[in-house]
Protein chains: 2
Amino acid sequence: MTNNEIEKKLESKKVKPTAMRTLVYKALADSGKTLSLADLEQRFEKVERSTIFRALKSFEDNFIVHTVNDGSGSVKYAVCDEDCTCNIHDLHVHFYCTRCGRTRCMKELPIPNIKLPDGYTYDNAQFVINGVCPRCD
Amino acid sequence: MTNNEIEKKLESKKVKPTAMRTLVYKALADSGKTLSLADLEQRFEKVERSTIFRALKSFEDNFIVHTVNDGSGSVKYAVCDEDCTCNIHDLHVHFYCTRCGRTRCMKELPIPNIKLPDGYTYDNAQFVINGVCPRCD
DNA sequence: AAGTTAGTGCAACATTGTTGCAAAGTTTAA
DNA sequence: TTAAACTTTGCAACAATGTTGCACTAACTT
Ligand SMILES: [Mn+2]
Ligand SMILES: [Mn+2]
Ligand SMILES: [Zn+2]
Ligand SMILES: [Zn+2]
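All of the points below concern the structure found in this document. Just so we're clear, the structure is a prediction, and the values are computed from it rather than from any experiment. (Residues numbered from 1 in each chain as written. Chains lettered and ligands numbered in written order. Predicted model: local features only at pLDDT ≥ 70, side-chain atom pairs only at ≥ 80, totals over all residues. Heavy atoms only, no water.)

**A look at the relation of the copies chain A and chain B**
The transformation that overlays chain A on chain B combines an axial shift of 0.0 Å with a rotation of 180°, and the residual RMSD is 0.0 Å. Both copies of the chain, as the preceding transformation shows, are related through a two-fold rotation axis. Across chain A, the rotation axis passes nearest the C-alpha of Phe127(A), at a separation of 2.1 Å. When the interface residues of chain A are mapped onto chain B, 100% of them again lie at the interface, so the same face is used by both copies. (Least-squares fit on C-alpha atoms with pLDDT ≥ 70 in both. Contact = heavy atoms within 4.5 Å.)

**So, the interface of chain A and chain B**
Each partner contributes to the interface: chain A provides 32 residues, whereas chain B provides 32 residues. Carbon and sulfur atoms make up 64% of the surface buried where chain A meets chain B, a total of about 2,600 Å² over both sides. On the chain A side of the contact with chain B, Ile114(A), Tyr120(A) and Phe127(A) bury the most area, a combined 21% of that side's loss. There are 0 salt bridges connecting chain A and chain B. The interface formed by chain A and chain B includes 10 residue pairs in polar contact (both at pLDDT 80 or more). (Buried area = accessible area lost by both parts, 1.4 Å probe. Salt bridge = Lys/Arg side-chain N within 4 Å of Asp/Glu carboxyl O. Polar contact = N/O pair within 3.5 Å; in protein donor to acceptor, adjacent residues only side chain to side chain.)

**Things to note about the coordination of the manganese ion (ligand 1)**
All names here are of chain A. Protein ligation of the manganese ion (ligand 1) involves His 66 (NE2), His 92 (NE2), His 94 (NE2) and Cys 105 (SG), the donor distances falling in the range 2.0 to 2.3 Å. Read in sequence order, the donor residues for the manganese ion (ligand 1) give the motif H-x25-H-x1-H-x10-C. In this pair, His 66 sits in strand 2 (residues 65-68) while His 94 sits in strand 4 (residues 92-97), placing the two residues 28 residues apart along the sequence. This pair shows no difference in class: His 66 is buried, exactly as His 94 is. (Donors = N, O, S within 2.8 Å, 3.2 Å for Na, K, Ca; no water. Helix = DSSP H or I, 4+ residues; strand = E, 2+ residues; numbered from the N terminus. Buried < 20%, exposed > 50% of the residue type's maximum accessible area, 1.4 Å probe, protein only.)

**Things to note about the side chain of His94(B)**
All names here are of chain B. Owing to a relative accessible area of 5%, His 94 belongs among the buried residues under this scheme. At 3.1 Å, the side chain of His 94 and the side chain of His 92 are in polar contact. Apart from residues no more than four positions distant in its own chain, His 94 is found in contact with His 66, Val 68, Thr 103, Arg 104, Cys 105, Met 106, Phe 127, Val 128 and Ile 129.

**Let's talk about helix 1 (residues 3-12) of chain A**
Residue pairs three or four apart in sequence face the same way in an α-helix, which turns once every 3.6 residues. Residue and element names in this part refer to chain A. Residues of helix 1 that are buried: Ile 6, Lys 9 and Leu 10. Taken around the axis of helix 1, the buried residues stretch over an arc of 95°, which confines them to a single face. Each element contacted by the buried residues of helix 1 is listed here: helix 2 (19-31) and helix 4 (49-61). (Arc of directions from axis to C-beta.)

**A few points about the coordination of the zinc ion (ligand 3)**
All names here are of chain A. The zinc ion (ligand 3) binds to the protein through Cys 97 (SG), Cys 100 (SG), Cys 133 (SG) and Cys 136 (SG); the donor distances cover 2.2 to 2.4 Å. Metal-centred angles of 103 to 122° between the 4 donor atoms at the zinc ion (ligand 3) mark the site as tetrahedral. For the zinc ion (ligand 3), the donor residues sit on a single chain with the sequence spacing C-x2-C-x32-C-x2-C. Of this pair, Cys 100 sits in the loop between strand 4 and strand 5 (103-110) while Cys 133 sits in the segment after strand 6 (121-132); the two residues are 33 residues apart in sequence, bridging distant segments of the chain. When its relative accessible area of 30% is taken as the criterion, Cys 100 is described as partly exposed. (Tetrahedral: all angles 85-135°; square planar, octahedral: opposite > 155°, others 65-115°.)

**Structural notes on unusual backbone geometry**
Residue and element names in this part refer to chain B. Of note in the backbone geometry, Lys 14 takes a positive phi value of approximately 70° without being a glycine. When you line up the elements, Lys 14 lands in the loop between helix 1 (3-12) and helix 2 (19-31). By relative accessible area, which is 74% here, Lys 14 ends up exposed. Positive phi outside glycine occurs at Phe 63, with the angle close to 60°. Relative to the elements of secondary structure, Phe 63 occurs in the loop between helix 4 (49-61) and strand 2 (65-68). Assessed through its relative accessible area of 37%, Phe 63 is described here as partly exposed.

**A closer look at the protein's contact with DNA strand C**
As a matter of local geometry, DNA strand C sits amid 19 residues, with Val75(A), Thr18(B), Arg21(B), Thr51(B) and Arg54(B) nearest to it. Near-protein atoms of DNA strand C (within 4 Å) split between backbone and bases, with sugar and phosphate holding 65%. At 2.8 Å from a phosphate oxygen of DNA strand C is found a side-chain nitrogen or oxygen belonging to Thr18(B). Residue Ser50(B) places a side-chain N or O atom 3.1 Å away from a base nitrogen belonging to DNA strand C. Where the surface near DNA strand C is concerned, the elements lending two or more residues are helix 3 (37-43) and helix 4 of chain A together with helix 2 and helix 4 of chain B. Grouping the constituent residues of the surface near DNA strand C by class yields 6 nonpolar, 6 polar and 7 charged. (Near = heavy atom within 4 Å. Nonpolar A, V, L, I, M, F, W, Y, C, P; charged D, E, K, R; others polar.)

This is how it looks when you write it as structure tokens:
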């Protein structure tokens with residue numbers, strides 16, 4: 001993904017595309033995976049943890065990335081699809097491989113619709129499946 | 001739940017019912033909720049964090065309690081049903097209220113069956129729904 | 001009783017996530 | 001064009017959570 005494309009993307013989501021943000025977004029998008037804050041930190045020695053953290057936060061607040069709580073102890077980040085608004089119908093299942101520690105977006109698997117008891121309202125969900133991925137099997 | 005019942009329960013799951021473990025189990029069971037390590041710590045000022053931690057760990061390893069990753073930053077613990085072996089068919093949905101921070105076992109909602117792509121095997125899952133509970137609505 | 005094993009308390013620690021603040025950079029408006 | 005206002009970044013500090021090594025004690029075993 002070119003810097004130009006990234007800048008357009010961020011702008012379209014109302015986030016000013018600074019150099020740092022473009023860098024962070026690019027790293028995440030190019031990886032094609034979910035990455036933790038620590039993972040990103042390692043990808044460029046040079047940039048401050050807090051800067052990456054704040055970039056990710058602004059992405060999250062503006063539906064540019066979504067987070068995954070895979071139970072590994074650190075939150076993972078992944079780029080959202082083009083038209084994602086991170087509402088309950090845009091969500092998908094995530095797969096956490098307990099061998100390699102990689103977490104994958106299963107975009108082909110939307111989170112199934114659940115009928116909650118009366119009185120509950122919801123707007124978000126995390127569905128994480130733990131097991132062994134094809135690479136590790 | 002009486003101490004005697006708790007001791008029998010722990011023994012039946014191959015965990016020696018020490019004073020501390022009985023205390024921890026009782027606190028969790030009597031609460032009827034999910035509790036974090038910090039929550040439990042507060043319930044009895046006196047007992048060491050690490051002792052509670054290790055008690056919970058031994059419970060978890062022996063299917064006496066299960067954990068919930070509700071994304072709040074701390075793992076929650078809840079007592080398992082009698083016959084639970086914590087395999088994928090024993091699992092249920094959890095509900096995290098973003099107002100009060102309480103996490104509830106929705107035992108009436110089993111985790112739906114998911115057909116993963118070829119090559120994936122799984123043995124565990126977490127399905128956490130975020131929203132507002134009846135108490136907070 | 002002596003030896004062995006298991007449990008506990010204490011202290012230390014790594015990791016993760018988060019914030020206050022000042023310096024640097026960018027935008028706005030005079 | 002310059003000054004003021006606002007935003008972003010780096011740095012440092014910090015809280016919270018989870019985890020471990022180690023020594024002491026308690027409990028079991030023979
Ligand atoms: Mn995803
Ligand atoms: Mn539960
Ligand atoms: Zn794997
Ligand atoms: Zn609530």
